[in-house]
Structure formats: C-alpha cells, structure tokens
Amino acid sequence: MAVNQALESRLAGVRACLFDMDGTLYVGGRAMEGAVELLAAVRDQPHLVLTNNSSRSRDVYRDRLAALGMTVALDQVLTSGEASADWLFHHTALRRPYVLGTPALVEACERAGLTPVDERGDPDCVLLGFDTTLTYARLAEACLLVAAGLPYYATHADRTCIDPRGLLPDAGGLIAAVEVTTSKRPVVLGKPEKSMCDAGLRRLGATAAETLILGDQLDTDMTLGLRHGLLAVLTMTGEVSAAHLAASDVRPDLVVQSPAELLALLRQAGAPVVR
Ligand SMILES: [Mg+2]
C-alpha cells in the first residue's frame, strides 16, 4: 500500500502496539506471514496481544504463541476477561462480581483485585463471559441477580465462536438468553469498547495517539482503534475480503496484506516501536 505523508508521520510516532491474535498473528496452527518477525522486532517495546475470548486463561495464549515462535510474557496477554476485571477494579467501586464464566475468568477477576462470589456471597454486580462451563443453575442465578437490578456487565458481545464444526454460541448467545429472561442488556467491556482500550493503554503506559492496533476485524479491532484515536491497521489475513472492506463504513487508517507488510512500513518510517 502506498503511504502518504500524513500516514508516514503517524507511523513514525508509533511507540506501542496492540496486536489481535486470531486471524492476525495466526490462524489455526499457522503463523501469519511476518508475525514472528514483527513480534521479535517490538520485543523490547511496549506491546500486548489481544483477544475478545474470555473463556481461556492468558497462559493458553502465551503458550500458543510460543509454539509458533512468538514470545510474550503473561502480562502482555490481554483477554477481554482480563480487561473487564481490570476496568471494573479501576473504574467502579464494585468488588464482588457474580461471574457467569469459566474458572479462567474467575481467576482473572481475582488477579485484578476483585472477589468473585456466588449468590450466597452477596454479589454487587454480574459479569458475564464466554462461559464454556455453563450450567442451567448458574445461568438462572445470573438472570435472577440481573432482574433484581445488580449492575450487569459482559466481557464481550461476540455472537459466535468459529469452530472446525461450524459456528458455536459465544458470549452474545448468553447475553441473548439473559435478555429474553430479564429484558436487560449488559454494559459490554471488551473490544471495541473504550474499557478494553483503556485497560490496554494503562498496561502499555502509552497514549492512544502513539499506539497502533493491528487486527483482522472491522467491527472489533478497527472500530476500537478508530473510535479511540489509535492508528488502526487492518491486516487482510482474516475473514475480511476486499469486497467487505469496500462495502463497510469502517475505514482503517492503513490496510496491509500481512504483518510482514506492517513491519516493513514501520521500519521505513523509523517508528520507535521497532528501533
Ligand atoms: Mg481476530
């Protein structure tokens, strides 16, 4: 992609990066072209890897990247669960969430300084995640607490999760079940919301203007970047086709074919993040 002067100067100011993982750094068991080199190039500079999946722990992602030759520390993995817990701790006085989520989400809450409790522990809010350990009893309890008026949050609102067998229900399906029952919708905290952005920037110690987000999705990664003032770079390694992009209202700041192309552009611009 030809880079104009305004874009070149924004690239030249990039000090920190957020990288979406699935569809951006890898797909299935394969690293995208240039992903290993890009992660190596930013190794000593502020960067995080992101996912909206709140069902798995950060270790899973650290290990998955390591198996593909990409090294990140545990605290450089920001799942929507980590970001949500972090945001609740820093932006609210709520400390005792009823978690409709996996043990990994419960642990993320504990790490952030929250004390997850069940219905007998006097919860002060409900946090819904992608609960692959869902039981009817816990779904029912979450509905009762939401109906009773507790502040209600969700780690993300993705409708489906891609699986080799087809599309599976993600957090959006659980949000729908609670809504059918209670007529209430949660405050969503993951991508593309400001809460996920704030949690990421706090961890990076960087401002939005000096941070780049690389992702493969228009409605999550690019919307997060464009809404909150980050340099939004779309990689065409995911499911977005040229036709999708042309038809969308979401206009990334830059479109690259792969992480390799972004790395070349950052180097050409002399961005601090790859120095
Ligand atoms: Mg993705």
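Residues numbered from 1 in each chain as written. Predicted model: local features only at pLDDT ≥ 70, side-chain atom pairs only at ≥ 80, totals over all residues. Heavy atoms only, no water.

Engineer: Before we move on, can you summarise the overall build of the protein chain with the specific residues and values?
Structural biologist: When its secondary structure is counted, the protein chain shows 11 helices and 14 strands. In terms of overall dimensions, the protein chain has a C-alpha envelope of 60 × 35 × 35 Å along the principal axes. Classification of the 275 residues of the protein chain by burial places 55% in the buried group. Of the contacts made within the protein chain by residues no fewer than 6 positions apart, 68% connect residues no fewer than 24 positions apart. Total accessible area on the protein chain is roughly 11,800 Å²; 53% of this is exposed by carbon and sulfur atoms. (Helix = DSSP H or I, 4+ residues; strand = E, 2+ residues; numbered from the N terminus. Buried < 20%, exposed > 50% of the residue type's maximum accessible area, 1.4 Å probe, protein only. Contact = heavy atoms within 4.5 Å. Areas by Shrake-Rupley, 256 points an atom, 1.4 Å probe, with all protein chains shown as cover.)

Engineer: Please set out the coordination of the magnesium ion residue by residue, giving values where relevant.
Structural biologist: Coordination of the magnesium ion by the protein involves Asp 20 (OD), Asp 22 (O) and Asp 216 (OD), with metal-donor separations of 2.1 to 2.2 Å. In the primary structure, the donors to the magnesium ion are separated according to the pattern D-x1-D-x193-D. Given the relative accessible area of 47%, Asp 22 is considered partly exposed. (Donors = N, O, S within 2.8 Å, 3.2 Å for Na, K, Ca; no water.)

Engineer: Any chance you could break down the packing of helix α6 (residues 136-147) against helix α7 (residues 171-182) for me, citing the residues and the numbers?
Structural biologist: Running from N to C, α6 and α7 cross one another at 55 degrees; their axes reach a closest spacing of 10 Å. As summarised for this structure, α6 and α7 are arranged oblique, according to the angle between their axes. Where α6 crosses over α7, the two elements pack in a sense that is right-handed. Seen from α6, the contacting residues are Leu 139, Cys 143, Val 146 and Ala 147; seen from α7, they are Ala 177, Val 178, Thr 181 and Thr 182. Residues belonging to the contact of α6 with α7 are distributed by class as follows: six nonpolar, two polar and no charged. (Axes fitted to C-alpha atoms, helices over the stretch in contact; angles between N-to-C directions. Parallel < 35°, antiparallel > 145°, perpendicular 65-115°, else oblique. Left-handed = near helix turned anticlockwise from the far one by under 90°. Nonpolar A, V, L, I, M, F, W, Y, C, P; charged D, E, K, R; others polar.)

Engineer: Could you give me a rundown of the packing of aromatic side chains, with the residues and numbers involved?
Structural biologist: The description of an aromatic ring pair uses the distance of the two centres, along with the angle that the planes make with each other. Applying the stated criterion across every chain yields a total of one aromatic pair. If you follow Arg 95 out to its NZ or CZ, it ends over the ring of Phe 89, 4.3 Å from the centre. (Phe/Tyr/Trp six-rings, centres within 6.5 Å; stacked < 30°, edge-to-face > 60°. Lys NZ or Arg CZ within 6 Å of the ring centre and 35° of its normal.)

Engineer: Break down unusual backbone geometry for me, with residues and values.
Structural biologist: Across the junction of Lys 191 and Pro 192, the peptide omega takes the value 5 degrees, indicating a cis bond. Tracing the sequence through the fold places Pro 192 in the loop between β11 (187-188) and α8 (194-204). Of note in this structure, Ser 183 is not a glycine but carries a positive phi near 65 degrees. Tracing the sequence through the fold places Ser 183 in the loop between α7 and β11. Taking relative accessible area as the criterion, Ser 183 reaches 64% and is therefore assigned exposed.

All we've got here are geometric facts, nothing functional implied.
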